[in-house]
Number of protein chains: 2
Amino acid sequence: MNACLINGQALSALAISDRAIAYGDGVFETIAVKQGVMPLWAAHYQRLIDACSQLDLPLPNEAVLLKEIDALKGKQVQAVIKIIITRGSGERGYCPPTHPQTRRIVQCLPWPEIPQAYYTEGVSVIYCKTPVSQNTQLAGIKHLNRLDNVLASKECDEKHSAEGLMCDSLERVIGGTKSNIFYVREGRLYTPLLNQAGVLGIMRAQVLLQAQALNINTHIVPISRAALNEADEIFLTNSLIGIWPVTQLMDKKFPIGKLTQQFLNRLD
Amino acid sequence: MNACLINGQALSALAISDRAIAYGDGVFETIAVKQGVMPLWAAHYQRLIDACSQLDLPLPNEAVLLKEIDALKGKQVQAVIKIIITRGSGERGYCPPTHPQTRRIVQCLPWPEIPQAYYTEGVSVIYCKTPVSQNTQLAGIKHLNRLDNVLASKECDEKHSAEGLMCDSLERVIGGTKSNIFYVREGRLYTPLLNQAGVLGIMRAQVLLQAQALNINTHIVPISRAALNEADEIFLTNSLIGIWPVTQLMDKKFPIGKLTQQFLNRLD
């Protein structure tokens, strides 16, 4: 049984009137606990605040969240903390209550098993047929409307692929089903512009910060499949998995390049 | 307290591990009960089956659903039946279980209060700033990823507008926040093509059937704001509200036209 607190109470079920169930009306964060602490807490909390602001949800209190997380994780060295903020209960109908009473769901979940080879030998990825959902007002936000990621993940599972890439309606690469993508070409670092779709990942931001520190020429731009295919190096990021070098994309092989290795070493 | 059955059991809360909460991984139907019966049941059930098929969800059994609906609505003359089919519980992560155990949520909810004037004098509608979410694989389906409708509804509420129109990234009109849109121009009937976004409404299908019976020239095509602005008549459809004539769109007035009146009379 996984531990769960809903508004501070140990509960395993959510009121059926909650708008997360009806409309996916809420946001979430998935946070790595390593050596008993959450090294990227500040970034996750900031993103949660930004997401709530963008969706006009009341902001969760940091001290309350931290207290609840602490109570759930106890002395666990490695775990995953998942926070969901919903717009709470409402009547039937899309229109949200004027003064929503949000629900704060905090869970402590097991650390995922990831083969060590994913880091040392890289992963093989496919292009998913499921397109990414596009909406300028929802782009970047880690909200609860994730059917596109679900369907794309299913494709990966069926093809025994560690991860799959999702594209928008113009065949621009947006990211993996659960990760952001970077590629290196002639010493420059590229990652997709996420103003139409995708999630602004916490590890993506870490890579961009490191690239700044390392004085690497960085481009946040729309990325075509053709451009990605000409990459010297490709890697994926996610705050739980860290960095996965991509050594195969569909039929084409890629090496684990120098820059990828550098980020792997720095962001372990 | 509204009556609710989850997989046949009287429950008011959903297991926190349900994928509807985490990812909006499910579909729904909202069905009118009039004079104690559901006149459009067959169409709703067919759409539910189609939606489940498209999302690869196990299909709900019709007899079981009808039995549960009957138990909930009892002798109520007018009510709303809401069905949600979720992909059930799963581990953390987008990837769905190989053999999902879906949850069937059936609720009987109060009939909404709708001013009679909406039918006799028409409604005034705005263009929402929130764009509609676009995804060719999710278009048409009444799934649980409805944050775009939620945000657009909020705009309508704030502007005291009965309904608001949502457009895609190319400024094509897709529909209302909770309705489909039709317009009439020189005796021809137009409604948006929903291959990129929107929901294939049950009342929309009824209007299209009636238009066939009436031998009305009908066009299911992409619709620009400019084209809509040149309409002779505009109306909205939804299986609960039926048909609402639009008599004002932003600053422009429209009459309740002859065809709109004809559909109003036929689809009451």
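Given the structure is predicted, the values throughout are model-derived calculations rather than measurements.

Caption draft 1: Quick look at the packing of aromatic side chains. Counted according to the given criterion, the structure contains 14 aromatic pairs over all chains. Measuring from centroid to centroid gives 6.3 Å for phenylalanine 28 of chain A and tyrosine 23 of chain B, while their planes differ by 75 degrees, and the two rings are edge-to-face. Highlighted residues: phenylalanine 28 of chain A in strand β4 (residues 26-33) and tyrosine 23 of chain B in helix α1 (residues 19-23), drawn from two different chains. Grouping residues by exposure puts phenylalanine 28 of chain A and tyrosine 23 of chain B together as buried. Between tyrosine 183 of chain B and tyrosine 190 of chain B the ring centres are 4.7 Å apart and the planes differ by 5 degrees, which places this aromatic pair in the stacked class. On the basis of relative accessible area, tyrosine 183 of chain B is assigned to the buried category, the value being 6%. According to the relative accessible area criterion, tyrosine 190 of chain B is buried, its value standing at 16%. Positioned above the aromatic ring of tyrosine 127 of chain B is the side chain of arginine 225 of chain B, whose terminal nitrogen or guanidinium carbon lies 3.7 Å from the ring centre.

Caption draft 2: Highlighting the interface of chain B and chain A. In this assembly, 59 residues from chain B lie in contact with 58 residues from chain A. For the pair chain B and chain A, the summed buried surface comes to about 4,700 Å²; carbon and sulfur atoms form 62% of the total. Remark: the boundary between chain B and chain A carries 2 salt bridges. In this structure, aspartate 56 of chain B engages lysine 154 of chain A in a salt bridge whose closest nitrogen and oxygen atoms are separated by 2.4 Å. Counting every contact that joins chain B to chain A gives 19 residue pairs in polar contact (both at pLDDT 80 or more). Put simply, the parts of the chain that give the side of chain B that touches chain A at least two residues each are β1 (3-6), β3 (13-15), α1, β4 (26-33), β5 (79-86), β6 (103-109) and α5 (147-158) of chain B. Broken down by element, the residue count for the side of chain B that touches chain A peaks at 9 residues, all from α5 of chain B. Its residues assigned to classes, the side of chain B that touches chain A shows 28 nonpolar, 17 polar and 14 charged. Bridge count for strand β3 (residues 13-15) of chain A against β3 of chain B is 3 bridges, and the pairing is antiparallel. Pairing of leucine 14 of chain A across the sheet is with leucine 14 of chain B, part of β3 of chain B.

Caption draft 3: Quick peek at the sheet that holds β4 of chain A. Residue and element names in this part refer to chain A. A sheet is described by the order of its strands in space; here 5 strands give the open sequence β2-β1-β6-β5-β4, paired in antiparallel fashion. Since the sheet does not close on itself, it has two edges, and those belong to β2 (9-10) and β4, each with one partner. Where strand β1 (residues 3-6) lies against strand β6 (residues 103-109), 4 bridges are found, and the strand directions are antiparallel. By the bridge assignment, isoleucine 6 is partnered in β6 with isoleucine 105. On top of the sheet, helix α2 (residues 41-54) reaches β4 and β5 (79-86); it is set at about 175 degrees to β4, its chief contact. The sheet strands contacting helix α3 (residues 62-73) are β1, β4, β5 and β6, and the helix crosses β6 at an angle near 30 degrees.

Caption draft 4: Molecular detail of the domain arrangement of chain A. All names here are of chain A. Looking at the assigned domains, one finds that chain A contains domain 1 (3-109) and domain 2 (117-266). Measuring from the centre of the C-alpha atoms in domain 1 to the corresponding centre in domain 2 gives 26 Å. In total, domain 1 and domain 2 occlude about 1,500 Å² of area from one another, counting both sides; carbon and sulfur atoms represent 70% of this. Together, Phe28, Leu40 and Arg47 form the three largest contributors to the area buried by domain 1 at its contact with domain 2, with a combined 40%. Within the residue set of the side of domain 1 that touches domain 2, elements represented by two or more residues are α1 (19-23), β4, α2 and β5.

Caption draft 5: Layout of the pattern of salt bridges. Scanning the model with the defined rule gives 22 salt bridges over all chains in all. Where glutamate 68 of chain A meets arginine 104 of chain A, a salt bridge forms, and the shortest distance between an N and an O atom there is 2.6 Å. Of this pair, glutamate 68 of chain A sits in helix α3 while arginine 104 of chain A sits in strand β6, placing them 36 residues apart in sequence. On the accessibility criterion, glutamate 68 of chain A (9% relative accessible area) is buried. Looking at arginine 104 of chain A, the relative accessible area reads 19%, which means it is buried. Residue glutamate 29 of chain B is joined to arginine 47 of chain B by a salt bridge in which the shortest nitrogen-to-oxygen separation is 2.8 Å. Highlighted residues: glutamate 29 of chain B in strand β4 and arginine 47 of chain B in helix α2 (residues 41-54), separated in sequence by 18 residues. Using a relative accessible area of 1% as the deciding quantity, one classes glutamate 29 of chain B as buried. In this structure arginine 47 of chain B comes out as buried when scored by relative accessible area, which is 12%.

Thresholds, definitions, all that
- Residues numbered from 1 in each chain as written.
- Chains lettered and ligands numbered in written order.
- Predicted model: local features only at pLDDT ≥ 70, side-chain atom pairs only at ≥ 80, totals over all residues.
- Heavy atoms only, no water.
- Phe/Tyr/Trp six-rings, centres within 6.5 Å; stacked < 30°, edge-to-face > 60°.
- Helix = DSSP H or I, 4+ residues; strand = E, 2+ residues; numbered from the N terminus.
- Buried < 20%, exposed > 50% of the residue type's maximum accessible area, 1.4 Å probe, protein only.
- Lys NZ or Arg CZ within 6 Å of the ring centre and 35° of its normal.
- Contact = heavy atoms within 4.5 Å.
- Buried area = accessible area lost by both parts, 1.4 Å probe.
- Salt bridge = Lys/Arg side-chain N within 4 Å of Asp/Glu carboxyl O.
- Polar contact = N/O pair within 3.5 Å; in protein donor to acceptor, adjacent residues only side chain to side chain.
- Nonpolar A, V, L, I, M, F, W, Y, C, P; charged D, E, K, R; others polar.
- Pairing = 2+ DSSP bridges.
- Axes fitted to C-alpha atoms, helices over the stretch in contact; angles between N-to-C directions.
- Domains from an automatic or database assignment.

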